[in-house]
Amino acid sequence: MIRISNLTKEFSGQKVLDGLNLDIEKGEVVALVGASGAGKSTFLRSMNYLEQPDSGTIEIDDFKVDFTTISKEDVLILRRKLAMVFQQFNLFERRTALDNVKEGLKIVKKLSDEEATKIAKEELSKVGLSDRENHYPRHLSGGQKQRVALARALAMKPDVLLLDEPTSALDPELVGEVEKSIADAAKSGQTMVLVSHDMSFVRQVADKVLFLEKGHILEEGTPDQLFNHPKEERTKEFFASYKKTFI
Ligand SMILES: Nc1ncnc2c1ncn2[C@@H]1O[C@H](COP(=O)(O)OP(=O)(O)OP(=O)(O)O)[C@@H](O)[C@H]1O
Ligand SMILES: [Mg+2]
């Protein structure tokens, strides 16, 4: 069980996260949706302390930290528990796909080269990239790069995988392959928090959808509840505009 309580964050006097609470069950896929500027990325980045929240706590099983007093050691532990996949992949350009996936296993998990290689090969195989192990990022497509980034995050066996618009930097024809790999990881029980503007993917993969507005959760529910039976005016408006554009 992962519990985030009373998360707040201001940027120059503007409240971007306004006391957010969220419980995530093991194996659950939570999607954060909302207009641009609603605070989705800040929420995700605050969870693993890439942004420093002004207040709030996070509990992951027995591990509990208060963001206002978190120690350097706990930041490292937290980041191991919450792995992140970014819009822009963030791969090491001078390392092969295999070495990108091995890096964290060797440096952070301190595995031997042999053990790291074994796990990295397995993870690359799961995302369909066994034949690209020795390629450098510049010789991979955007979709392949993002699948390497996904394999790298999953190799660390994180308690929660954080995904911030993982497909929005991709050419449209490459989106499907990355979404399939994410959906496969979800099916195998990986707990995730996903930020996405791709409502058909959210509908397909999420167990729970949170609609964020001005730094708080305006409405939450299953994809069916939010997409087909939204309660709040603002939520109705948001999903209606998506239906008009994409369906
Ligand atoms: N480092 C920062 N410094 C100052 N303001 C920031 C910073 N990061 C985010 N903000 C502001 O916080 C608000 C929330 O931003 P955030 O990036 O979390 O929104 P978002 O929901 O992810 O939007 P998008 O859908 O466009 O990615 C915005 O008003 C943004 O301008
Ligand atoms: Mg964002």
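The structure this text deals with has already been given above.
Anyway, here's the lowdown on the structure attached to this text. (Residues numbered from 1 in each chain as written. Chains lettered and ligands numbered in written order. Predicted model: local features only at pLDDT ≥ 70, side-chain atom pairs only at ≥ 80, totals over all residues. Heavy atoms only, no water.)

Let's talk about the overall build of the protein
Okay, step 1: When you go through the protein residue by residue, the secondary structure sums to nine helices and ten strands.
Okay, step 2: Rg of the C-alpha trace for the protein: 18 Å, near the compact-globule value of 18 Å for 247 residues, within the 12% margin.
Okay, step 3: Expressed along its principal axes, the backbone C-alpha trace of the protein runs to roughly 55 × 45 × 30 Å.
Okay, step 4: Residues counted as buried form 52% of the 247 residues belonging to the protein.
Okay, step 5: At a minimum sequence separation of 6, the contacts of the protein that also span at least 24 residues come to 62%. (Helix = DSSP H or I, 4+ residues; strand = E, 2+ residues; numbered from the N terminus. Rg over C-alpha atoms; globule rule 2.2 N^0.38 Å. Buried < 20%, exposed > 50% of the residue type's maximum accessible area, 1.4 Å probe, protein only. Contact = heavy atoms within 4.5 Å.)

Digging into the sheet that holds strand β5 (residues 63-66)
Okay, step 1: Pairing is antiparallel in the open sheet, where four strands are placed in the order β2-β1-β4-β5. Among the strands making up the open sheet, the edge pair consists of β2 (14-24) and β5. Here the average twist between neighbouring strands, direction ignored, is 15°.
Okay, step 2: Summarising the sheet, strand β1 (residues 2-11) and strand β4 (residues 55-60) pair through five bridges and their orientation is antiparallel. Bridge pairing in β4 places I2 opposite I60.
Okay, step 3: On the sheet, helix α1 (residues 40-47) packs against β1, β2 and β4 and is oriented at approximately 60° with respect to β2.
Okay, step 4: Here helix α2 (residues 72-81) sits on the sheet and contacts β4 and β5; the angle it forms with β5, its principal contact strand, is near 125°. (Pairing = 2+ DSSP bridges. Axes fitted to C-alpha atoms, helices over the stretch in contact; angles between N-to-C directions.)

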